[in-house]
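What follows is the residue order along each chain.
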Amino acid sequence: MILVLEPNVSPEGPDYRVLMSQLARLPGIDYRVHREVGSEVTLTEIYLIGNTGALTVEQMQVLPCVQKVVRVSEAYRVLGRHKQGDDRPSSFEYNGVRFGQDSLNVFAGLCAVDSPESVESMMKALQQHGQVCTRMGAYKPRTSPYAFQGFGATCLPYVFELAGKYGVKVIAMEITHESHVDEIRETLARTGNPTGVMFQIGTRNTQNFELLKLVGRQQEFPVLIKRGFGITLDESLNAAEYLATEGNRKIVFGLRGMKTNLGDPHRNFVDFAHVPVVKRLTRMPVCIDPSHSVGTRAGAPDGLLDIFHVVAQGIVAGANMVLVDFHPDPSKALVDGPQALLMSELGPFLEDVALVRETYLKRAENARRAKAA
Ligand code: PEP
Ligand code: MN
């Protein structure tokens, strides 16, 4: 059960103290307080854990400071959509960029940072096309211990400075260890916070629970958590819930394809049909990663690359974010060159995205009209 308190409730106020003492007296019930400090309002939610079946909504509704009571009906207590009275937000803002189940942000960028020249060429192209988000891999979890592992902390200063120079506000960057969080935070501070970072939890770390708890405990940086490529959707959504129970609610859920047989046409089996499913089950914005799911530059006879086709499939179904690999010279990329799009393809890619997004918005509008009729 969730108690949504009136906005801007002060933990020092007398009513709040009365509420706390009443909660402490409930037998077999534990509670956890979550405060979301926004620029205009502070929201407080109290999660009641334990034998809540014995409590009634009416009984809790009359407690001081309580605005609304939500009976938790689904497995994902914090992130889920619950049947009764659940109109908690499905969006958040970070560094001036809004992420919601109704918005769309493209994160085109390098799979792995390999030189200041590649980073600059990418950032410049993004600015020319009015883009304010990108992906930049500094810490690369690789299948082989002999493969390039990313430049790590050494590339962060120029990545952040170039982002600032070209007006990039959010960089999606995978982290695999606690030290990466500190290195990113320190480098951002040292370079004067020229940009923002969205931590990425990769598919290999979806169930690295200690990493999830650690990243969940900080509320400074939003998190993109990728679906685990060999586990169930329920297991991956529970992994996202780990982040949320620790306090971070700025979470985007990423679909990136599921493991398949070697020799299959795509590197992974594209799972973007699950975009509306995740939006129905949870309040998280949903990201699609066409590069790591398709894994090649193969094209269809109609002239469109498979990557373009799957992006269209995800967006036409309501995807909210696209994480996609580009490289100025894919043959020289140190990681995942074969799936990278060319700089000359950025314009056509964004045009295709806009076209399909328009179609999605029309489809959703038609559905709303049909329901209202
Ligand atoms: C990536 O986005 O660079 C990446 C390694 O993705 P995934 O974790 O989905 O394999
Ligand atoms: Mn990659």
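Residues numbered from 1 in each chain as written. Chains lettered and ligands numbered in written order. Predicted model: local features only at pLDDT ≥ 70, side-chain atom pairs only at ≥ 80, totals over all residues. Heavy atoms only, no water.

1. Structural notes on unusual backbone geometry
One non-glycine residue, Asn95, lies in the positive phi region at around 50°. With respect to the element layout, Asn95 can be found in the loop between strand S5 (91-94) and strand S6 (97-100). A relative accessible area of 40% means that Asn95 is categorised as partly exposed. Of note, Asn193 is a non-glycine position whose phi angle comes to about 45°, a positive value. (Helix = DSSP H or I, 4+ residues; strand = E, 2+ residues; numbered from the N terminus. Buried < 20%, exposed > 50% of the residue type's maximum accessible area, 1.4 Å probe, protein only.)

2. Comments concerning the sheet that holds strand S2 (residues 29-37)
In sheet architecture, strand pairing relies on hydrogen bonds along the backbone and comes in two forms, parallel and antiparallel. An order of S2-S3-S1-S4 is seen for the 4 strands of this open sheet, with the pairing classed as antiparallel. Because the sheet does not close on itself, it has two edges, and the strands there are S2 and strand S4 (66-70). Sheet twist, expressed as the mean angle between neighbouring strand axes with direction ignored, is 20°. Relative to the sheet, helix H1 (residues 14-24) contacts strand S1 (2-5), S2, strand S3 (42-50) and S4, its axis offset from that of S2 by approximately 150°. (Pairing = 2+ DSSP bridges. Axes fitted to C-alpha atoms, helices over the stretch in contact; angles between N-to-C directions. Contact = heavy atoms within 4.5 Å.)

3. Side note on the site of ligand 1
Neighbouring ligand 1 are the residues Cys111, Arg135, Lys140, Glu174, Gln200, Gly202, Thr203, Arg204, Lys226, Arg256, Asp289 and His292. A distance of 3.1 Å separates an oxygen atom of ligand 1 from a polar side-chain atom of Arg204. Separating an oxygen atom of ligand 1 from a side-chain N or O atom of Arg256 is a distance of 2.6 Å. In the complex, the protein chains occlude 97% of the 290 Å² of accessible area that ligand 1 would expose alone. Classifying every residue of the shell around ligand 1 by side-chain character gives 1 nonpolar, 4 polar and 7 charged. (Near = heavy atom within 4 Å. Polar contact = N/O pair within 3.5 Å; in protein donor to acceptor, adjacent residues only side chain to side chain. Areas by Shrake-Rupley, 256 points an atom, 1.4 Å probe, with all protein chains shown as cover. Nonpolar A, V, L, I, M, F, W, Y, C, P; charged D, E, K, R; others polar.)

4. Considerations on the packing of helix H4 (residues 156-165) against helix H5 (residues 178-190)
Running from N to C, H4 and H5 cross one another at 50°; their axes reach a closest spacing of 10 Å. Comparing their axes, H5 and H4 come out oblique. In the crossing of H4 with H5, the sense of the turn from one axis to the other is right-handed. Of H5, the residues touching H4 (which contributes Leu156, Pro157 and Phe160) are Glu183, Ile184, Thr187 and Leu188. Of the residues contributing to the contact of H4 with H5, the split by class is 5 nonpolar, 1 polar and 1 charged. (Parallel < 35°, antiparallel > 145°, perpendicular 65-115°, else oblique. Left-handed = near helix turned anticlockwise from the far one by under 90°.)

5. Quick look at the pattern of salt bridges
Overall, the coordinates contain 17 salt bridges when judged by the stated rule. Between Glu365 and Arg369 there is a salt bridge, with its nearest N and O atoms 3.8 Å apart. Of this pair, Glu365 and Arg369 are both found in helix H11 (residues 346-372), 4 residues apart, which corresponds to roughly one turn of the helix. Residues participating in the shared-partner salt-bridge network are Asp182, Arg185 and Glu220. (Salt bridge = Lys/Arg side-chain N within 4 Å of Asp/Glu carboxyl O.)

6. Points about the packing of aromatic side chains
Throughout the structure, instances matching the rule amount to 7 aromatic pairs. For the pair Phe99 and Phe107, a centre-to-centre distance of 6.1 Å together with 45° between the ring planes defines the contact as tilted. For the pair Phe99 and Phe107, a shared accessibility class is recorded, and that class is buried. With 5.8 Å between their ring centres and 80° between their planes, Phe326 and Phe349 make a pair best called edge-to-face. One end of the pair, Phe326, is in the loop between strand S14 (321-325) and H11; the other, Phe349, is in helix H11, with 23 residues separating them in the sequence. For Phe349, a relative accessible area of 1% gives the class buried. Connected via pairs of aromatic rings, a cluster forms that spans Phe92, Phe99 and Phe107. The ring of Phe229 has Lys259 sitting right over it, with the charged end atom 4.4 Å from the ring centre. (Phe/Tyr/Trp six-rings, centres within 6.5 Å; stacked < 30°, edge-to-face > 60°. Lys NZ or Arg CZ within 6 Å of the ring centre and 35° of its normal.)

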